[in-house]
Amino acid sequence: MKILVVSDNHGNKEVLESIVEKYENEAILIHCGDSELPQDDPIWKKFTAVVKGNCDFDQRYPNEALVKIGEERIYVTHGHLADVRFGLETLMKKTAEVNATLCFFGHTHMIGCEKRQGTLFLNPGSISQPRGTLLYKSYAVIEVNDETYDVKYYTKDHEIINKLQFSFQR
């Protein structure tokens, strides 16, 4: 199974359309907030989960989502309500409560993934406004295998970022 995670496009609908065109038939699509699009935009019909970010003013978005696919329990949030700028502790408590195997979030606009307490935490970075030391306009694709989570980051132009490929034991 492939899962594509994107976040923080901040009004750039074209980049989401490009992702949908490329991946809608091969991956589960998840958006971690700050799209700045209306919640009823037709593009969201292609996504399994979409959550509200701090720049999403449409109140119809949920603050979080729990997606169950096979053996995976995926917790999705933007991250601002969990203070992710200051660490993962709040998210770790929430993922433990819901028994999540994967946790996807955005907000910081910074690429990151790590496994803690049995859960893979992943930030795809920002597809339009990157911050930090890795200034790629990025999204992530996680391939879930029997034994591993294989994570690859891509640019907005769908080019793999060679130095940003990781494998974690399930």
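As the structure is a computational prediction, the values presented were derived from the model and not from experiment. Starting from 1, residues in each chain are numbered consecutively following that chain's sequence as written. This being a predicted model, a pLDDT of at least 70 is required before a residue's local features are given, and a value of 80 or more before pairs of side-chain atoms are given or counted; all residues contribute to the totals for chains, interfaces and linings. The basis for every side-chain value is the complete set of heavy atoms in the structure, and neither hydrogens nor water enter the calculation.

**Q** Describe helix α2 (residues 89-98), naming the residues involved and giving the relevant values.
**A** Burial classes: relative accessible area under 20% of the type maximum marks a residue as buried, over 50% as exposed, and values in between as partly exposed (1.4 Å probe, protein chains only). Helix and strand definitions here come from DSSP, where helices need a minimum of 4 consecutive H or I residues and strands a minimum of 2 consecutive E residues; each element is numbered from the N-terminal end. By the burial criterion, the buried members of α2 are L91, M92, T95 and V98. Take α2 and look down its axis: the buried residues cluster within an arc of 135°, on one side only. Facing away from the buried side of α2, by more than 90 degrees, are the exposed residues K93, A96 and E97. Here the buried face of α2 lies against β4 (64-69), β5 (72-77), β6 (102-104), β7 (111-116) and β8 (119-124). N99 occupies a position one or two residues after α2 and carries a positive phi of about 60°. Note: the arc covers the axis-to-C-beta directions of the helix. Any two residues whose heavy atoms approach within 4.5 Å are treated as being in contact.

**Q** I'd love a proper account of the pairing of β5, names of residues and values included.
**A** Counting buried positions along β5 gives 5 out of 6 residues, so the element sits mostly inside the fold. Strands were regarded as paired on the criterion that DSSP finds at least two bridges between them. Judged from the 6 bridges that link them, β4 and β5 form a sheet pairing that is antiparallel. Each bridged residue has a counterpart across the sheet, and for A65 the counterpart in β5 is V76. Joining the antiparallel neighbours β4 and β5 is a turn of 2 residues, in which G70 adopts a positive phi near 60°. Judged from the 3 bridges that link them, β5 and β6 form a sheet pairing that is parallel. When the bridges of β6 are listed, Y75 appears paired with C103.

**Q** Account for the sheet that holds strand β11 (residues 160-169), naming residues and giving values.
**A** Across the sheet, 6 strands lie side by side as β3-β2-β1-β9-β10-β11; this open sheet has mixed pairing. Two strands bound the open sheet, and with one partner strand each, they are β3 (49-50) and β11. Across 2 bridges, strand β2 (residues 28-31) lies against β3 in parallel orientation. Bridge pairing in β3 places H31 opposite V50.

**Q** So, the side chain of T119: which residues are in play, and what are the values?
**A** Mapped onto the secondary structure, T119 falls in strand β8. Overall, the relative accessible area of 5% leaves T119 in the buried class. As used in this structure description, the phrase polar contact means that two N or O atoms lie within 3.5 Å; if the pair is within protein, one of them must be able to donate a hydrogen and the other to accept it, and residues adjacent in sequence are counted only when both atoms belong to side chains. Within polar-contact distance, the side chain of T119 engages the backbone oxygen of A100 at 2.8 Å.

**Q** Please set out the pattern of salt bridges residue by residue, giving values where relevant.
**A** Definition used for salt bridges: Asp or Glu carboxyl oxygen within 4 Å of a side-chain nitrogen of Lys or Arg. Within this structure, the stated rule accounts for 11 salt bridges. The partner of E26 in a salt bridge is K2, and the shortest N-O contact between them spans 3.3 Å. Of this pair, E26 sits in the loop between α1 (13-23) and β2 while K2 sits in strand β1 (residues 2-6), and the two are 24 residues apart along the sequence. A residue is classified by how much of its surface remains accessible, and K2, at 29% relative accessible area, is partly exposed. When salt bridges that share partners are traced, they join D40, D58 and R60 into one network.

**Q** Would you mind going over the layout of surface pockets in detail, with residue names and values included?
**A** A cavity, in this analysis, means grid points on a 1 Å lattice covering only the protein atoms where a 1.4 Å probe fits yet has no way out; a pocket is instead an open set bounded by protein on both sides within 12 Å along at least five of seven lines, and a residue lines either one if it has an atom within 4 Å of a point. Grid points are joined across faces, edges and corners, and a volume is the space filled by probe spheres set on the points. In this structure, the largest pocket spans a volume of roughly 190 Å³. In terms of lining residues, the largest pocket is bounded by 13 residues, among which L88, F105, G112, E114 and N123 are the most central. If you list the elements that add at least two residues to the lining of the largest pocket, you get β7 and β8. The nonpolar class holds Ala, Val, Leu, Ile, Met, Phe, Trp, Tyr, Cys and Pro. Asp, Glu, Lys and Arg form the charged class, and all remaining residues, Gly among them, are polar. Looking at the lining of the largest pocket residue by residue, the classes come out as 8 nonpolar, 4 polar and 1 charged.

**Q** Please set out the side chain of H109 residue by residue, giving values where relevant.
**A** In this fold, H109 is placed in the loop between β6 and β7. Reaching out from H109, the side chain makes a polar contact with the side chain of D8 at a distance of 3.1 Å. For H109, the side chain forms a polar contact with the side chain of H10, separated by 3.2 Å. Setting aside residues up to four positions removed in sequence, H109 forms contacts with D8, H10, G125, S126, Q129, P130 and R131.

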